[in-house]
Amino acid sequence: MDEDTPGHEDPEDPARNQSTRDDISIQRCRSREPEEILAKRTVCVKKKKRKEYLVKWKGRADDEISWEKAEDLQQRV
């Protein structure tokens, strides 16, 4: 391999092969705990009725409010 092969330091341009992107920080998935049920609805999925609840999560912003299946919420309680 020669000096121009990617991954090798370039003595003429030490910045070559260095990322200019910001570091990516990985957040651990915070467990979600329901704070309040805001609404409920029944939806049809493949001809089967399913109950869903609009959930405000404890410690989360309002833009993270989400519709959740009733059976998923029962597993959290």
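Residues numbered from 1 in each chain as written. Predicted model: local features only at pLDDT ≥ 70, side-chain atom pairs only at ≥ 80, totals over all residues. Heavy atoms only, no water.

In the annotation of an unreviewed UniProt entry, the entry for the protein chain reads Chromo domain-containing protein, and the organism field reads Cannabis sativa.

### Points about the pairing of strand β3 (residues 66-69)
Rule in force here: Three exposure classes are used, based on accessible area relative to the maximum for each residue type with a 1.4 Å probe and protein chains only: buried under 20%, partly exposed in between, and exposed over 50%. Here a strand is any run of E in DSSP of at least two residues, a helix any run of H or I of at least four, and the numbering for each starts at the N terminus. Note: two strands are recorded as paired if DSSP finds a minimum of 2 bridges between them.
The side-chain alternation of β3 yields one buried face, formed by Ser66 and Glu68, and one unburied face, formed by Trp67 and Lys69. Pairing between strand β2 (residues 48-57) and β3: 4 bridges, direction antiparallel. Residue pairing for β3: Val55 is matched across the bridge by Ser66.

### Considerations on the environment of Glu52
Definition in use: When checking whether two residues touch, look at their non-hydrogen atoms; a contact exists if any pair is within 4.5 Å. Pairs of N or O atoms within 3.5 Å make up the polar contacts considered here, provided that, within protein, one atom can donate a hydrogen while the other can accept it, and that residues adjacent in sequence are counted only when both atoms are side-chain atoms.
With respect to the secondary-structure elements, Glu52 resides in strand β2. A sequence separation of 20 residues divides Glu52 from Asp72, and the C-alpha atoms of the two residues are 9.3 Å apart. Here Glu52 is in contact with Ala39, Lys40, Arg41, Val43, Trp67, Glu68, Lys69 and Ala70, once residues within four sequence places are set aside. Reaching out from Glu52, the side chain makes a polar contact with the side chain of Arg41 at a distance of 2.7 Å.

### A word on unusual backbone geometry
A positive phi angle is found at Lys46, which is not glycine, with a value near 50°. For Lys46, the position within the fold is in the loop between β1 (34-45) and β2. Judged by its relative accessible area of 78%, Lys46 is exposed. Despite not being glycine, Lys47 shows a phi value in the positive range, around 65°. According to the relative accessible area criterion, Lys47 is exposed, its value standing at 86%.

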